[in-house]
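# Architecture and fold: a report
Okay, here's what each chain looks like letter by letter:
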Amino acid sequence: MINTTVKVWSAQGAPREKLLQNGASSLSDDELLAIFLRTGVSGVHVLDFARQLLKEFGSLYGLISADYVRFCDIRGLGLAKYSQLQASVELSRRFLGHQLAKECSINNPQITRRYLQSLLAQRDREIFIVMFLNNQNRVLYHKEMFTGTLNSVEVHPREIVREALKSNAAAVILAHNHPSGMAEPSQADRYVTEKVREACLLLDIQVLDHIVIGRGEYVSFAERGWI
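Below or above, wherever it landed, is the structure these notes cover.

Rules and cut-offs
Residues numbered from 1 in each chain as written. Predicted model: local features only at pLDDT ≥ 70, side-chain atom pairs only at ≥ 80, totals over all residues. Heavy atoms only, no water. Salt bridge = Lys/Arg side-chain N within 4 Å of Asp/Glu carboxyl O. Helix = DSSP H or I, 4+ residues; strand = E, 2+ residues; numbered from the N terminus. Buried < 20%, exposed > 50% of the residue type's maximum accessible area, 1.4 Å probe, protein only. Phe/Tyr/Trp six-rings, centres within 6.5 Å; stacked < 30°, edge-to-face > 60°. Lys NZ or Arg CZ within 6 Å of the ring centre and 35° of its normal. Pairing = 2+ DSSP bridges. Axes fitted to C-alpha atoms, helices over the stretch in contact; angles between N-to-C directions. Contact = heavy atoms within 4.5 Å.

## Thoughts on the pattern of salt bridges
The full count for this structure, using the stated rule, is 11 salt bridges. Put simply, Asp30 and Arg51 hold a salt bridge, and the shortest N to O gap is 2.9 Å. Linking Asp30 in helix 2 (residues 29-37) with Arg51 in helix 3 (residues 46-57), this pair joins segments that are 21 residues apart in sequence. Given a relative accessible area of 34%, Arg51 falls into the partly exposed group.

## Things to note about the packing of aromatic side chains
One pass over the structure, following the stated rule, counts 5 aromatic pairs. Geometrically, the ring pair formed by Phe71 and Tyr82 is edge-to-face, given 5.4 Å between the ring centres and 70° between the ring planes. Here the residue Phe71 occupies a position in helix 5 (residues 68-72), and Tyr82 occupies one in helix 6 (residues 79-102), the gap between them amounting to 11 residues. Judged by relative accessible area, which is 2%, Phe71 ranks as buried. Chaining the aromatic ring pairs together yields one cluster made of Tyr68, Phe71 and Tyr82. The side chain of Arg190 reaches across the aromatic face of Trp226, ending 3.8 Å from its centre.

## Observations regarding the sheet that holds strand 3 (residues 171-177)
Pairing in this open sheet of 5 strands is mixed, and the strands run 2-1-3-4-5 from one edge to the other. Both edges of this open sheet fall to strand 2 (139-147) and strand 5 (218-220), since each of them pairs with a single strand only. Between one strand axis and the next, the sheet turns through 20° on average, direction left out of account. Lying over the sheet, helix 7 (residues 109-120) contacts strand 1 (127-133), strand 2, strand 3, strand 4 (206-213) and strand 5, oriented at roughly 145° with respect to strand 1.

Any link to function would need more than the numbers given here.
Written out as structure tokens, the structure is:
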């Protein structure tokens, strides 16, 4: 359980005031979490409580992806906080989805990456997603095409091409996750990417990127010059 040692926090550096002055991106993980929590527990200031939670769960990712039982085992947390946190994550995911639909994926690759991370980072098995884009490189929609095991997923290039033709897509972005947390692509990942690219080229469909999502990291084939 969490150590409840009390530390004094100066109101001069309060997270909310810092956010209002410098923007949310200026806050550390513990400061962002403190704003979400709003209050600490008996004898522990909210910012100290946030720091203790991050230590207990290892990271903000560990806290957000924790199962309900472990989350609620911590004094000061519970059903309400768990529900609020998961709702916040879903709000963020939907915001990124709407933003992605309005932006050119080539001009804003970070939006694409953040959205894919929100979809895939917490999955416990390999999921292969394809984003289908129009001729202006705006995302029409995405689809979970294939579901695998903890460390592999079987991909069928013909199914991707068939879906692209059905939606009249001009380009695709491939993505899958590595539940192990390490985003480094395997030789199998590179082989599958090339097979999909070859199948798409026959029908003049571009493969813009293949993004592998780990935990807190990613690899872009386009950024590495592999596509």
